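# Observations on the three-dimensional arrangement
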Amino acid sequence: MTRSDGATGQTTRADLDEWVAQIAALARPDHIHWVTGSPAERQQLIDVMLEAGTIEQLNPELRPDSYVARSDANDVARVESRTFICSENQRDAGPTNNWADPDEMRSTLGGLFTESMRGRTMYVIPFLMGPEGSPVTRAGVEITDSPYVVMSMGMMTRSGRQALDVIESGVEWVKAVHSVGAPLEKGEADVPWPCNPVKYITHFTDSREIWSFGSAYGGNALLGKKAFALRIASVMARDEGWLAEHMMLIRVTSPEGHVKHIAAAFPSACGKTNFAMLQPTIPGWTVETIGDDIVWMWVDEDGRLRAINPETGFFGVAPGTSEQSNPVAMQTMFGHTVFTNVAVTDDNDVWWEGMTKEKPAHLIDWLGNDWTPESPDPAAHPNSRFTVSIAQCPTTSPDWNNPEGVVIDAIVFGGRRRTTMPLVVEARSWQHGVYLGATMASERTAAGEGTVGELTRDPFAMAPFTGYHVGDHWAHWLNIGERLAAGGHAPHIFHVNWFRRGDDGRFLWLGFGDNIRVVDWIVKRLEGVVGASASPIGSLPLREDLNVDGLSFHGDDLTELLTVDPTVISGDALSAQSVLETAGDRTPPALWEENAETLRLCAAELS
Ligand code: OXD
Ligand code: MN
């Protein structure tokens, strides 16, 4: 075995060197490459992938230094059914995770990884989640046999030499091993997207280790993202007293100069990226992007909630992204972007459903086939993605990389709800806000498995991502709230719904840039300058306080958006009991109290 970069391969961390040697002895790659993160190395990866057909270069005049990858047709999304939490104690995984016995899983993985990298290069990627110097920043090392993963991790994390320097300074680091599971016999030709029908995405939460086999797609393979920054980090956060959450993070500045930071949790493919890049339709507002998918938060010495985005890039859902819905995302991906499973136009640029009103007359679809508007299937896969660095985003906040993070003023929960939930509501208290987060529901999207459109409860938008017992996650949020209350600085909690529909299926709210009108109300509430009307699920805007200047509404749409029906809310609260029951005796009694209070308030309104 030789190292392709010719260096000696030794770091000053014997534990790291030993681990790399051990994985190499198991997986038997042909080469080992220590990732430095240099531009020359990036070009080398691109050349390797162009040669293998994993990526194709897009028209450099239209989209410089950008590429399209087409995955295997069966490797297109996160595989929750193949995702396992291997905690020593089964109860720690809780009812929302697949649990597997760690010893049994180690033996299964030992078999699968034996010689799994034969014929391939094994890349060693040191990486940091979070800016260097932040109290919650953590290090990891991902071993992978996929150059696509290396290139993506290069955009999504601080990887290479900088991270290795931090690891060599003596910090703890998380072990993450990934193989596409497609060894090559001598002389055997490779396929453009090697993967294996057998997939395992496993998390050893006690020893803080990740092992992923068989997939090269997104969160299954870019292990800094869901596996580390959410599943493993949520366990670290539980043990160390902080929060790792599935949230976007923005700074908003009002025309009066009030600066606030808002963290918002929505399930996958429900608009976090659009919210993070919101272009305000009310003059005088600015929105700066800090993160679009993951937020790590801690209580600072003054008892305030501070937050960072641990990532450095976007792995955004392409379909639906357009100059109208998200012009900032469109500008961000002007070049230096990797697209996966999108369609390609005749002039060799990208296209996906919703990008333009008019569909192109001819495309190459995500499977590599000819496509015309008459074709029955979408041209881009519904979970097709763009991967791009946050540094390219024109609205990125100068503080996105600040190790001190930003102070959170408001936390927002939301999902896709055709009915029931109003445009915006403010929780009565932190405890009530935790109840709203624990019981939040959304219609399924293509980002995971399952039937698209089906309503599911997705506590804190973390159902696929909390690495421990869901009931303990709720209790942890309540504990954090107590610490914040002691300092007198707890953020206010809100719930929003951009997706309410009329009987004919039309959206009642315009969404996108007009969501600033909801932000405007949230900031007025934080400033204490507007009242609200009490409802069984919290405080609703008074109609005169929601700035709808310049908008026109069909019939009673605005009233419908700003009111709740106690009969419907009471039905929803009864259905929410199922999610509280799921966590059994680990459901904090405070959440049952909030459910009972909701039902009591509904009954009072109905009597
Ligand atoms: C993501 C997801 O990729 O949530 O961010 O699926
Ligand atoms: Mn996500």
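Residues numbered from 1 in each chain as written. Chains lettered and ligands numbered in written order. Predicted model: local features only at pLDDT ≥ 70, side-chain atom pairs only at ≥ 80, totals over all residues. Heavy atoms only, no water.

Of the protein atoms, only Lys226 (NZ), His246 (NE2) and Asp293 (OD) coordinate the manganese ion (ligand 2), at distances of 2.2 Å. Every donor residue of the manganese ion (ligand 2) comes from the same chain, spaced as K-x19-H-x46-D. One end of the pair, Lys226, is in helix 8 (residues 224–240); the other, Asp293, is in the loop between strand 16 (286–291) and strand 17 (295–299), with 67 residues separating them in the sequence. A relative accessible area of 5% means that Lys226 is categorised as buried. Judged by relative accessible area, which is 9%, Asp293 ranks as buried. (Donors = N, O, S within 2.8 Å, 3.2 Å for Na, K, Ca; no water. Helix = DSSP H or I, 4+ residues; strand = E, 2+ residues; numbered from the N terminus. Buried < 20%, exposed > 50% of the residue type's maximum accessible area, 1.4 Å probe, protein only.)

Our focus in this paragraph is the packing of helix 11 (residues 430–438) against helix 12 (residues 470–487). Where helix 11 meets helix 12, the axes come as close as 10 Å, and the angle between the chain directions of the two elements is 155°. Considered as vectors, helix 11 and helix 12 are oriented roughly antiparallel to each other. Classified by chirality, the crossing of helix 12 by helix 11 is right-handed. Touching Trp430, Gln431, Val434 and Ala438 of helix 11 are Trp474, Trp477, Leu478, Ile480, Gly481 and Leu484, all from helix 12. (Axes fitted to C-alpha atoms, helices over the stretch in contact; angles between N-to-C directions. Parallel < 35°, antiparallel > 145°, perpendicular 65-115°, else oblique. Left-handed = near helix turned anticlockwise from the far one by under 90°. Contact = heavy atoms within 4.5 Å.)

We now examine the layout of surface pockets. Within this model, the largest pocket holds a volume of roughly 1,200 Å³. As for the largest pocket, its lining consists of 47 residues, and the residues nearest its centre are Ala269, Cys270, Gly271, Arg416 and Phe499. Residue contributions to the lining of the largest pocket peak at 4 residues, all from helix 9 (residues 272–276). Taken together, the residues of the lining of the largest pocket break down into 19 nonpolar, 16 polar and 12 charged. (1 Å grid on protein atoms, 1.4 Å probe; cavity = no way out; pocket = protein on both sides within 12 Å on 5 of 7 lines; lining within 4 Å. Points joined across faces, edges and corners; volume = space filled by probe spheres on them. Nonpolar A, V, L, I, M, F, W, Y, C, P; charged D, E, K, R; others polar.)

None of the figures reported here should be taken as evidence of function without further support.
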